[in-house]
Amino acid sequence: MKNRSLDRRAFLARSGGVALLAGGFHVNPLRAADSKSPNEKLNIACVGVGNKGWHNVGQLASQNIVALCDVDSNYLDKAAQSFPKAARYRDYRRLLDGSHKEFDAVVVSTADHTHAPATSVALDLGKHVYCEKPLTHTVAEARAIAQLAAKRKVATQMGTQIHASNNYRRVVEVIAAGTIGPVAEVHCWCNKGWSGGKFAAPQPAPANLDWDLWLGPAAKHAYSPGIHPANWRRFWDYGSGTLGDMACHVMDLPFWALELRHPQSVRAEGPSPDAVGTPAWTKIEYGFAARGKHPATRLFWSDGGEHYDLVKQTHDHSGKPLSGWGLGILFVGKQGMLAADYGRLQLLPHDKFADFRPPEPTIPNSIGHWNEWVAACKTGSPTSCNFDYSGALTEAVLLGGVAYRAGRPLDWDAKQLVATNCPDAEQYLHKSYRPGFEVVGLKS
């Protein structure tokens, strides 16, 4: 049947391998001039090797880890015990100054505010890059990084690891099969809360931490305990709260299944904005124009336990409200609803779909999120969260924070990268950088 068969072009579209542009679909070229044989190991440099960074290193340990970089010597020394032959750096700029030729690819696992500066330098050197989510700290950075990656024609992947899960693939197939009909509304939520960042009384930084390098592009500030390594997401200068932490994971599924890209409007609500700390909760509504077979779509995000009524009033197969799920996605179609999280897929109302049989799988299972990127570095094969796809996703996610901080709905012109009705939004779309930590190709 037509709705159960996908040719390669359709698969790439749904897996994030293509971008919908004015002239149609365009597959970002990923093959680099120095691509390797599939049997040859990749030489990888890792910027940020603590916590999530260390997890990324472990997932890539089958390759050659040739360089380690971290501003915290505790993390750096620990990583070096496992990779004693790897070169060690405290400053990513020294690693990426162009004089070191021994690596092919770079993994960036720093705090959000350093993602774009480090990633842009690596891309400008022609290195393949894997960067943690959100891809960048600002909307302008996301656009600049996506454009630079396309220009350099290298393999890229953002760290939305759940995109490689089988469950996400099955959800995309069910939506594509028309099981719940056209989807004009989708809810995404997460009960986690990163909020209330406050600077403590200044103290000397611990000996293991180069605080000035940790600040990197951010404004100079005296060391404040409790920010590194675990709580920087609570601060606007370094993260974007729960939205920045989780929305790239959760909103990824409707972006994929509904072929979303740039919203036309964004409105947000939450507690009164604080200049330093991120909010305890937000509720955000995005408006997307009709695209292809998809109608105009409203996407709702909520976090911190303050959810829209539909999420609170809709019950899962066990009879519990969906708001009790730690996170989730609810697709609202003309013929029914589909609720999902990382591992669940439930059609609602349950009795209407009691005889449901899933469509035949049409999207191949992933070879693994990190393996996709390694294969792309070597052969030019596609990755499902390349910087074109994930850059647009990151832009949309961060626009929610912009609307919240600006205090009014945004009419968004994605082509010009401007909120046409809200000049105050400009200050949150861009930021200034300390000298030496700029983003390549982006004016501060």
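Just above sits the structure.
Residues numbered from 1 in each chain as written. Predicted model: local features only at pLDDT ≥ 70, side-chain atom pairs only at ≥ 80, totals over all residues. Heavy atoms only, no water.

Enquirer: So what exactly am I meant to see when it comes to the sheet that holds strand β4 (residues 64-69) here?
Expert: Hydrogen bonds between backbone groups are what pair the strands of a sheet, and the pairing can be parallel or antiparallel. Reading across the sheet, the six strands line up as β5-β4-β3-β6-β7-β8 and stay open at both edges, with parallel pairing between neighbours. A strand with exactly one partner marks an edge of an open sheet, and here the two such strands are β5 (87-89) and β8 (156-158). Averaged over all adjacent pairs, the angle separating strand axes in this sheet is 20°, with direction ignored. Bridging between strand β7 (residues 128-131) and β8 involves three bridges; their strand directions are parallel. The partner of Tyr130 across the bridge, within β8, is Gln157. (Pairing = 2+ DSSP bridges. Helix = DSSP H or I, 4+ residues; strand = E, 2+ residues; numbered from the N terminus. Axes fitted to C-alpha atoms, helices over the stretch in contact; angles between N-to-C directions.)

Enquirer: How should I be thinking about helix α9 (residues 241-250) in this particular structure?
Expert: A turn of α-helix holds 3.6 residues, and therefore any two residues three or four places apart point the same way. Most of α9 is tucked away: ten of the ten residues are buried. Taken together, the buried positions of α9 are Gly241, Thr242, Leu243, Gly244, Asp245, Met246, Ala247, Cys248, His249 and Val250. (Buried < 20%, exposed > 50% of the residue type's maximum accessible area, 1.4 Å probe, protein only.)

Enquirer: Explain the nonpolar core to me, please; I cannot follow it from the model alone.
Expert: In globular proteins that are soluble, nonpolar side chains generally tend to be buried together. Ranked by internal contacts, the top residues of the largest apolar core, which has 100 residues, are Trp214, Met251, Trp301 and Phe331. The leading source of residues in this core is helix α13 (residues 387-406), at ten residues. Residues contacting Met251, with those up to four places away along its chain left out, are Cys188, Tyr286, Leu299, Trp301, Leu393 and Val397. (Core = buried A, V, L, I, M, F, W, Y, C linked by side-chain atoms within 4.5 Å. Contact = heavy atoms within 4.5 Å.)

Enquirer: Got a minute to help me understand the side chain of His137 in this structure?
Expert: Counting through the fold element by element, His137 comes out in the loop between β7 and α6 (139-152). Among the polar contacts made by the side chain of His137, one reaches the main-chain carbonyl oxygen of Gly239 at a distance of 3.2 Å. A polar side-chain atom of His137 sits 2.7 Å from a polar atom in the side chain of Lys431. Discounting residues that sit within four places of it in the chain, His137 has contacts with Asp112, His113, Trp236, Asp237, Tyr238, Gly239, Ser240, Leu398 and Lys431. (Polar contact = N/O pair within 3.5 Å; in protein donor to acceptor, adjacent residues only side chain to side chain.)

Enquirer: Help me understand the packing of α6 against α13 in this model?
Expert: For any two helices packed against each other, one specifies the inter-axial angle together with the distance between the axes. Look at α6 against α13: their axes get within 8 Å of each other, and the N-to-C directions meet at 175°. By the angle between their axes, α6 is roughly antiparallel relative to α13. Every residue of α13 that contacts α6 at Val139, Ala142, Arg143, Ile145, Ala146 and Ala149 is listed here: Phe387, Asp388, Gly391, Thr394, Glu395, Leu398, Leu399 and Val402. Per-class residue counts for the contact of α6 with α13 are nine nonpolar, two polar and three charged. (Parallel < 35°, antiparallel > 145°, perpendicular 65-115°, else oblique. Nonpolar A, V, L, I, M, F, W, Y, C, P; charged D, E, K, R; others polar.)

Enquirer: I'm lost on unusual backbone geometry in this one. Help?
Expert: Backbone phi values are negative for most residues with the exception of glycine, while trans is the configuration of most peptide bonds. Here the amide bond leading from His228 into Pro229 is cis, since omega sits at 5°, within 30 degrees of zero. Looking at where Pro229 falls in the secondary structure, it is placed in the loop between α8 (211-215) and α9. Put simply, Leu348 and Pro349 share a cis peptide bond, and its omega is -5°. With respect to the element layout, Pro349 can be found in the loop between β15 (345-348) and α12 (369-379). For Asn51, which is not a glycine, the phi torsion comes out positive at approximately 55°. Its place among the elements puts Asn51 in the loop between β3 (43-47) and α2 (52-59). Phi is positive for Lys153, close to 55°, though the residue is something other than glycine. By relative accessible area, Lys153 is classed as partly exposed at 41%.

Enquirer: Would you mind showing me how to read the side chain of Arg291 here?
Expert: Here Arg291 shows up in the loop between β11 (282-288) and β12 (297-303). Of the side chains with opposite charge, Glu259 comes closest to the buried, unpaired Arg291, at an N-O distance of 6.6 Å. A polar atom in the side chain of Arg291 sits 2.7 Å from the backbone oxygen of Ala289. (Lys, Arg positive; Asp, Glu negative; His and termini not counted. Salt bridge = Lys/Arg side-chain N within 4 Å of Asp/Glu carboxyl O.)

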